[in-house]
Amino acid sequence: MPHFLRKAFPYLAIALGLASLAWAVSFNSVPPADLSFNNGDEVKTIDPAKATGQPEHRILTALFEGLLQNVPDPAGKDPNGNTPIIQAPGVADRYELSADHRTYTFHIRPGAKWSDGSPLTAADFVWSWRRLLHPETASEYAYQLNYVVGAQQYNSSELKPGDRVEVELDDRPYKDIDDRTFPQGTLRRGILIRTVKPPEPQIPKETPDKKKRELMAVWREKWAHVVEIKPRSQNNEGETILWEQKGDQFAYSQNPSPQETSCPLEIGRCKHVLVDFDSTVAIKATGDETLVVTLTNPTPYFKELVAFYPLYPVNRRCVEEFGSPGWTKPGRIVSNGAFVLQTRRIRDRIRLHKNPKYWDAEHVKLNVVDAYPVKSETTCLNMYLSGQLDWGYPVPSVVIPDLKGRPDYVSAPMFTTYFYRCNVTRPPMDNVLVRRALNLAINKREIVESVTRAGQLPATSFVPPGMPGYTQPKGSIDYERDVAEARRLLGEAGYPDGKGFPKIQVLFNTQEAHRTIAEVIQSNWKNNLGIDVELRNLEWGVFLSSLTKKDYQVARSAWVADYSDPNTFLDMFVTDGPNNQTGWSNADYDKLIHDAAAEADETRRMAMLQKAEEILLAEQPILPIYSYVSNNMVKPYVKGFTANVRDDHPLHLMWIDEEEKKRFLRGEVRQP
Amino acid sequence: MKFLLRRAAWMLLTLWVVFTITFFLMRAVPGGPFSRERQLPEAARRNFEARYNLDKPGWWQYFNDLSHYARLDFGPSMSLEDYSVNEVIAEGFPVSVSLGVISLVLALTVGMTAGVISATRRNSIYDFAFMALATLGIAVPNFVLASICVMLFVFWFQLFPVAGWGSLDKLIQPALCLAAPFAAYIARLTRAGMLEVLNLDYVRTAYSKGLSTRTVIIRHALRGAILPVVSYLGPATAGILTGSLVLERMFVVPGMGTHFIESATQRDYPLAMGMVLVYTFLLLLMNAVVDFSYAVIDPRVKAE
């Protein structure tokens with residue numbers, strides 16, 4: 001070791017330390033925002049077709065706008081004391097509904113623009129919805145369009161001979177990037193003649209589900225579709241397919257395997273064979289400003305879905321140029337809402353700037369908005385109290401009783417239900433008497449009064465109270481009488497005083513509040529019914545996997561309304577529904593839900609749904625516990641903030657009263 | 001040179017072993033990146049899996065991933081869908097480093113000063129006070145410390161903002177809390193090292209040459225006493241640089257610590273793997289640096 005190095009080492013170390021220190025404390029300062037709020041968590045994606053969840057919802061609603069927009073009713077509270085969400089004009093300034101309640105004609109407002117200044121047309125919606133439905137987009141919310149004629153068929157790539165189909169050839173312009181569904185390869189369109197399948201693989205019974213699905217999927221990819229490709233005619237309007245003329249037959253497969261398939265034609269490689277979007281899916285642009293959508297059934301809440309983020313338009317040029325997720329980066333993303341994305345740093349903040357190209361820009365008063373992803377409720381409250389946030393949410397439940405009287409604590413009932421699922425495929429939960437006994441023995445009032453404490457309502461039904469037009473099945477809580485009834489039911493089920501009742505397990509995902517509630521229920525069941533209950537907390541991923549595999553007896557759940565209609569709660573429990581997870585199935589229930597969807601008469605539809613809920617509550621595959629209330633802390637100088645049933649707070653309706661803010665900061669408006 | 005090459009070879013081997021273990025362990029845990037409360041339609045699930053190559057056989061994924069990681073391409077994140085793992089690390093790592101550097105400098109300055117004072121004034125009131133503080137610093141968990149910090153500096157004295165990132169005043173509280181246990185540990189190590197060295201002959205010789213106490217301690221004794229601190233610094237730096245979940249949560253610091261935990265809970269395989277490998281790499285690197293500086297500080301140690 002050279003001597004000078006040894007000599008210099010301490011100095012070098014100190015110099016290095018100082019240099020890195022200097023680097024570490026150098027920051028580019030950014031000007032403060034007009035409004036800072038907590039978004040609760042990191043946003044996973046800002047692609048409307050891929051997002052799910054509340055934090056994403058808030059950002060997407062600021063960045064994009066649908067044909068209509070969901071806003072709190074300016075008229076205020078309804079007779080139930082709830083502030084409903086109504087649909088105000090968005091990109092469409094008006095729409096018409098046909099006499100059979102199935103066809104919506106949306107009129108795009110003239111002059112609607114993207115943030116890059118290009119015009120926004122009906123074709124943008126057709127393309128965006130097509131992208132949402134495309135199986136390769138793998139959107140979790142694609143089912144929001146299932147009400148549209150042909151949409152589900154396109155999304156699930158189901159085909160039958162005689163269908164009009166589109167074949168996407170394997171010639172996409174960008175091969176280097178895996179996730180570039182768009183721009184698509186060449187589309188050839190025609191009629192599906194038949195599907196030639198290789199012999200179905202013989203899968204042994206004991207094969208795990210995942211492996212089974214994999215084998216079936218591999219097999220499906222080898223199917224060869226024989227399609228009669230129809231001739232096209234070009235004119236200045238674009239391309240027309242001459243469906244009536246005869247064409248030549250070709251065979252296509254995602255994974256051509258001529259040895260296994262006895263197909264006389266040469267099998268060409270394709271990306272997809274799907275039903276022909278343009279002629280099958282009833283989403284049509286008739287001109288630049290008119291979008292016509294036809295639904296399978298009259299769906300009164302469709303207008304609310306149109307205002308929900310999965311159906312927001314995305315900019316075709318932007319998505320096709322940068323691919324997904326490349327197009328979502330600040331600087332690239334083109335959107336059409338009241339705000340544009342300025343910066344986005346993971347776990348730091350999302351900064352939004354006002355979009356000067358927005359059609360209603362003159363009424364958008366906030367210029368810069370910061371959304372923080374603060375997950376710790378305590379930190380969020382501290383940031384709010386010390387003035388770093390103007391709008392804080394959620395509030396830690398322990399301090400709610402102290403905050404409740406304050407004018408800046410804004411709370412309202414929400415369309416969200418906290419409930420327990422029962423796995424009805426396993427004893428003892430397969431016995432309806434047991435499930436009813438368990439439900440009645442829960443002291444729901446105690447849970448909302450001493451655990452959650454924010455004014456939640458004990459649930460007597462699954463659909464939360466106050467759904468417009470809907471009357472819940474009758475139910476009341478008289479705890480003493482209910483407990484007596486619960487004991488009787490348990491006895492009738494063959495377990496008098498809980499004798500012989502096996503130990504059951506309640507699963508919940510790791511969270512303090514869930515544990516406390518589960519503990520109350522555990523002691524209720526023990527004291528009232530003599531039943532031993534084991535509590536088991538699982539980390540979210542494991543919890544979900546137990547739920548999917550039905551590897552549970554009782555499990556905690558919650559459901560947030562996707563739209564303001566009882567159907568969002570009730571259609572969960574149809575046989576094998578993707579949200580059912582309980583194994584419960586009832587033919588009468590399925591029929592009521594199915595028929596209600598087709599019913600045009602609102603009163604009759606609601607009566608059917610009510611009947612369905614009566615069945616659900618009598619059979620009790622779920623134990624409803626309480627319905628939620630929202631908790632927001634909002635500074636008095638933030639205006640345009642309305643508590644409502646969906647806890648939706650569109651940023652473009654809010655503004656800062658600068659005068660009041662000054663007085664507030666000087667301490668003249670006392671922090672209560 | 002040979003030393004460096006051998007070190008690098010070992011490092012690669014260790015990284016490969018860690019990669020292999022992590023790869024199989026992750027996939028053995030129940031649940032997957034696409035577990036949702038609502039069951040996905042089969043077609044959507046299939047396309048999801050295809051996007052991340054999860055539809056391929058296990059061995060195929062293993063070698064495919066290995067070849068990508070070897071080229072430092074960690075692939076797309078599954079939970080932060082708009083980002084690649086490289087982008088996530090590129091955003092989070094500098095934050096953790098700048099916080100780490102400050103904490104480290106703080107921990108070293110405070111810890112060593114306290115250690116030296118305690119050792120030279122053994123059994124004095126300073127010694128007791130510092131060592132009591134050090135014990136407390138090790139024992140008190142960082143979220144308690146952080147809460148105390150917030151109460152003191154935000155609500156009582158109104159010196160700093162509660163949380164956030166992007167300016168110096170937001171950085172001080174998390175840096176303090178992150179540094180505290182390390183400072184405490186360093187103080188104890190320095191004190192122990194110092195006490196051992198102060199009784200050695202060469203220190204006595206230095207004193208007898210008539211050098212001042214200050215010169216003896218800083219120029220002679222400290223060099224010997226610092227060795228345990230240096231070897232502790234390796235793992236400590238790796239730990240400090242990769243951030244802390246609790247502090248990042250409480251102070252809303254956009255560092256790497258959160259990703260460590262969340263990638264695991266959300267079954268974000270590529271991100272979790274990226275985090276594990278970055279941590280392993282840092283740990284190995286820091287240990288190598290420590291070994292190297294050992295050789296510089298202590299003439300008895302040779303780099304081999």
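Look above for the structure.
In what follows, the accompanying structure is described. All values derive from a computational prediction rather than experimental measurement. Along each chain, residue indices are assigned from 1 in the same order as the chain's sequence is written. Chain letters start at A and ligand numbers start at 1, both assigned in the order the entries are written. Local features are withheld for residues below a pLDDT of 70 in this predicted model, meaning they are given only at 70 or higher, and side-chain atom pairs are given and counted only at 80 or more; totals for whole chains, interfaces and linings count all residues. No hydrogens and no water enter the side-chain calculation; it runs on all heavy atoms of the structure.

**Focus on the overall build of chain A**
Here is step 1 of the chain: Each helix and strand in chain A was counted, giving 19 helices and 28 strands.
Here is step 2 of the chain: Since a compact globule built from 672 residues should have a radius of gyration of about 26 Å, the 29 Å found for chain A is in line with a globular shape.
Here is step 3 of the chain: Across its three principal directions, the C-alpha atoms of chain A cover 80 × 75 × 75 Å.
Here is step 4 of the chain: Considering chain A as a whole, with its 672 residues, one finds that 55% of them fall into the buried category.
Here is step 5 of the chain: Expressed as a percentage of contacts within chain A between residues at least 6 apart in sequence, the contacts between residues at least 24 apart total 69%.
Here is step 6 of the chain: Using a 1.4 Å probe, accessible areas were evaluated by the Shrake-Rupley method; residue-level cover was limited to the displayed protein chains. In the structure as shown, chain A presents an accessible area of about 28,700 Å², 51% of it carried by carbon and sulfur atoms.
Here is step 7 of the chain: Charge counting follows a simple rule: Lys and Arg are positive, Asp and Glu are negative, and His as well as the terminal groups are ignored. Charge positions come from single atoms, namely NZ of Lys, CZ of Arg, CG of Asp or CD of Glu. Between the averaged position of the 81 positive side-chain charges in chain A and that of its 86 negative side-chain charges there is a distance of 4 Å. Under the DSSP-based scheme used, a helix requires at least four consecutive residues in state H or I and a strand at least two consecutive residues in state E, with every element numbered from the N terminus. Only C-alpha atoms enter the radius of gyration; for comparison, a globular chain is expected to reach 2.2 Å times N to the power 0.38, where N is the number of residues. The rule is simple: take the accessible area with a 1.4 Å probe, protein chains only, and divide by the maximum for that residue type; under 20% is buried, over 50% is exposed, in between is partly exposed. Residues are treated as being in contact if the distance between any of their heavy atoms lies within 4.5 Å.

**Things to note about the overall build of chain B**
Here is step 1 of the chain: Counting its regular elements, chain B contains 13 helices and zero strands.
Here is step 2 of the chain: Listing each helix as α and each strand as β along chain B from the N terminus yields α-α-α-α-α-α-α-α-α-α-α-α-α.
Here is step 3 of the chain: Dimensions of chain B, computed from C-alpha atoms along their principal axes, come out at roughly 85 × 55 × 30 Å.
Here is step 4 of the chain: Considering chain B as a whole, with its 304 residues, one finds that 49% of them fall into the buried category.

**Some words on the interface of chain B and chain A**
Here is step 1 of the chain: On the side of chain A, 67 residues touch chain B, which itself brings 62 residues to the contact.
Here is step 2 of the chain: By buried area we mean the combined loss of accessible area, with a 1.4 Å probe, across both parts when two parts are placed together. Of the roughly 5,900 Å² buried between chain B and chain A on both sides combined, carbon and sulfur atoms contribute 56%.
Here is step 3 of the chain: For salt bridges, the criterion is a side-chain nitrogen of Lys or Arg within 4 Å of an Asp or Glu carboxyl oxygen. The partner of E262 of chain B in a salt bridge is R347 of chain A, with the nearest N and O atoms 2.5 Å apart.
Here is step 4 of the chain: In protein, a polar contact requires one atom able to donate a hydrogen and another able to accept it; more generally it is a pair of N or O atoms within 3.5 Å, and residues adjacent in sequence count only if both atoms are side-chain atoms. The interface formed by chain B and chain A holds 14 residue pairs in polar contact (both at pLDDT 80 or more) in total.
Here is step 5 of the chain: Put simply, the parts of the chain that give the side of chain B that touches chain A at least two residues each are α2 (42–51), α4 (85–120), α6 (142–156), α7 (168–198), α9 (213–225), α11 (245–251), α12 (257–265) and α13 (269–297) of chain B.
Here is step 6 of the chain: Examining the composition of the side of chain B that touches chain A, we find that ten residues originate from one element, α4 of chain B, more than from any other.
Here is step 7 of the chain: Considering only residue class, the side of chain B that touches chain A consists of 31 nonpolar, 13 polar and 18 charged. Here the term charged refers only to Asp, Glu, Lys and Arg, the term nonpolar to Ala, Val, Leu, Ile, Met, Phe, Trp, Tyr, Cys and Pro, and the term polar to all other amino acids, Gly among them.

**Quick look at the nonpolar core**
Here is step 1 of the chain: Only buried residues count toward a nonpolar core. Its members are Ala, Val, Leu, Ile, Met, Phe, Trp, Tyr and Cys residues joined through side-chain atoms within 4.5 Å. By size, the foremost hydrophobic cluster in this structure holds 93 residues, and its most contacted members are M383 of chain A together with M194 and F251 of chain B.
Here is step 2 of the chain: Top contributing element to this core by residue count: α4 of chain B, with 13 residues.
Here is step 3 of the chain: Contacts of F251 of chain B, omitting those with residues within four sequence positions, involve A146, V150, V162, A163, G164, Q173, P174 and C177 of chain B.

**With respect to the packing of α4 of chain B against α13 of chain B**
Residue and element names in this part refer to chain B.
Here is step 1 of the chain: The angle between two axes is taken between their N-to-C directions and runs from 0 to 180 degrees, where each axis is a line fitted to C-alpha atoms and a helix contributes only its stretch in contact. At their nearest, the axes of α4 and α13 sit 10 Å apart, and the two run at 50 degrees to each other. In terms of their interaxial angle, α4 and α13 are classed as oblique. Crossing handedness for the pair α4 and α13: right-handed. In this structure, α4 contributes V85, V88, I89 and F93 to the contact, and α13 contributes P270, L271, G274, M275, V278 and L282.
Here is step 2 of the chain: Partitioned by chemical class, the residues of the contact of α4 with α13 number nine nonpolar, one polar and no charged. We call two directions roughly parallel when the angle between them is under 35 degrees, roughly antiparallel when it is over 145, roughly perpendicular when it lies between 65 and 115, and oblique otherwise. Each crossing gets its hand from how the near helix is turned against the far one by less than a right angle, where anticlockwise is left-handed and clockwise is right-handed.

**Considerations on unusual backbone geometry**
All names here are of chain A.
Here is step 1 of the chain: Note that the residue after S324, namely P325, is joined by a cis bond; omega there is 10 degrees.
Here is step 2 of the chain: With respect to the helices, strands and loops of the structure, P325 is situated in the loop between α8 (316–322) and β15 (339–345).
Here is step 3 of the chain: Going from P427 to P428, the amide bond is cis rather than trans, its omega being 0 degrees.
Here is step 4 of the chain: Phi is positive for Q620, close to 55 degrees, though the residue is something other than glycine.
Here is step 5 of the chain: Look at Q620 and you get buried, because its relative accessible area is 4%.

**Re the side chain of E168 of chain A**
Residues and elements named next belong to chain A.
Here is step 1 of the chain: Within the element layout of this structure, E168 appears in strand β6 (residues 164–169).
Here is step 2 of the chain: At a separation of 2.7 Å, a polar atom in the side chain of E168 contacts the side chain of R172.
Here is step 3 of the chain: Residue contacts for E168: discarding those within four places in its chain leaves H134, T181, Q184, G185, T186, L187, C270, K271 and H272.

**Looking at the packing of aromatic side chains**
Here is step 1 of the chain: For Phe, Tyr and Trp, rings pair up if their centres lie within 6.5 Å, where Trp contributes its six-membered ring, and each pair is then called stacked (planes under 30 degrees apart), edge-to-face (over 60) or tilted (otherwise). Applying the stated rule across the entire model yields 42 aromatic pairs over all chains.
Here is step 2 of the chain: A ring pair is formed by Y104 of chain A and F302 of chain A, whose centres lie 5.3 Å apart and whose planes are at 50 degrees; its orientation type is tilted. Of this pair, Y104 of chain A sits in strand β5 (residues 103–108) while F302 of chain A sits in helix α7 (residues 302–306); the two residues are 198 residues apart in sequence, bridging distant segments of the chain.
Here is step 3 of the chain: For Y104 of chain A, a relative accessible area of 2% puts it in the buried group.
Here is step 4 of the chain: Their ring planes at 40 degrees and their centres at 5.4 Å tell us that F19 of chain B and Y62 of chain B sit as a pair that is tilted. Pair noted here: F19 of chain B is in helix α1 (residues 2–28) and Y62 of chain B is in helix α3 (residues 58–70), with a separation of 43 residues, a long-range link.
Here is step 5 of the chain: For F19 of chain B, a relative accessible area of 2% gives the class buried.
Here is step 6 of the chain: Through a chain of ring-to-ring contacts, three or more aromatic side chains come together here, namely F19, F23, F24, Y62, F63, Y69 and F74 of chain B.
Here is step 7 of the chain: By definition here, charges over rings are those cases where NZ of Lys or CZ of Arg is within 6 Å of the ring centre and within 35 degrees of the ring normal. The residue whose ring lies beneath K365 of chain A is W655 of chain A, and the NZ or CZ to ring-centre distance is 4.3 Å.

**Here's the deal with the state of the cysteines**
Here is step 1 of the chain: The disulfide definition used here is simple: a pair of cysteine sulfur atoms within 2.5 Å. Summed over the entire model, instances satisfying the criterion amount to zero disulfides over all chains.
Here is step 2 of the chain: Take C149 of chain B: it sits in no disulfide, and the sulfur closest to it among the cysteines is that of C177 of chain B, at 3.7 Å.

**Re the sheet that holds strand β13 (residues 283–285) of chain A**
All names here are of chain A.
Here is step 1 of the chain: A strand pair is defined by DSSP finding two or more bridges across the two strands. Across the sheet, four strands lie side by side as β4-β5-β14-β13; this open sheet has antiparallel pairing. On the outer flanks of this sheet lie β4 (92–97) and β13, each paired with one strand and no other. Averaged over all adjacent pairs, the angle separating strand axes in this sheet is 20 degrees, with direction ignored.
Here is step 2 of the chain: Across three bridges, β13 lies against strand β14 (residues 290–294) in antiparallel orientation. Bridge pairing in β14 places A285 opposite L291.

**With respect to the sheet that holds strand β12 (residues 267–275) of chain A**
In a beta sheet, neighbouring strands pair by backbone hydrogen bonds and run either parallel or antiparallel.
Residues and elements named next belong to chain A.
Here is step 1 of the chain: Within the closed barrel, the five strands sit side by side as β6-β7-β8-β11-β12. Their pairing is mixed. Within this sheet the neighbouring strands show an average axis-to-axis angle of 55 degrees, counted without direction.
Here is step 2 of the chain: Summarising the sheet, strand β11 (residues 248–253) and β12 pair through three bridges and their orientation is parallel. Residue Y252 lies in a different strand from β12, and its bridge partner there is G268.

**Overview of the pairing of strand β9 (residues 232–235) of chain A**
Residue and element names in this part refer to chain A.
Here is step 1 of the chain: Note: β9 against strand β10 (residues 238–241), four bridges, orientation antiparallel. For S233, the partnering residue across the bridge sits in β10 and is T240.
Here is step 2 of the chain: Two successive antiparallel strands, β9 and β10, enclose a turn made up of two residues.

**Describing the environment of F251 of chain B**
Residue and element names in this part refer to chain B.
Here is step 1 of the chain: Along the chain, F251 falls in helix α11.
Here is step 2 of the chain: Residue F251 is classed as buried on the basis of its relative accessible area, which comes to 1%.
Here is step 3 of the chain: A C-alpha to C-alpha distance of 9.5 Å links F251 and P161, two positions 90 residues apart in sequence.

**Some remarks on helix α10 (residues 227–241) of chain B**
Residues and elements named next belong to chain B.
Here is step 1 of the chain: Multiply 1.5 Å by the residue count of a helix minus one, and that product is the helix's expected span. A rise of 1.5 Å per residue sets the reference length of α10, with its 15 residues, at 21 Å; its end C-alpha atoms lie 21 Å apart and thus fit the reference within 8%.
Here is step 2 of the chain: A maximum bend of about 35 degrees is found in α10 at L233, where proline P235 lies one to four positions downstream.
Here is step 3 of the chain: A large share of α10 lies buried, amounting to eleven of its 15 residues.
Here is step 4 of the chain: Three or more residues of α10 are buried, namely L227, V229, V230, Y232, L233, G234, A236, T237, A238, I240 and L241.
Here is step 5 of the chain: The secondary structure elements touched by the buried residues of α10 are α4, α7, α9 and α13. Take the seven residues that end at a residue and the seven that start at it, fit an axis to each, and the angle between those axes is the bend at that residue.

**A closer look at the packing of helix α13 (residues 479–492) of chain A against helix α14 (residues 512–529) of chain A**
All names here are of chain A.
Here is step 1 of the chain: For the pair α13 and α14, interaxial distance at closest approach is 10 Å and the crossing angle is 70 degrees. Overall, the two elements α13 and α14 adopt an arrangement that is roughly perpendicular. For the element pair α13 and α14, the recorded crossing hand is right-handed. Across the interface between the two elements, Y479, V483, A486, R487 and L490 of α13 pack against N524, N527, N528 and L529 of α14.
Here is step 2 of the chain: Taken together, the residues of the contact of α13 with α14 sort by class into five nonpolar, three polar and one charged.

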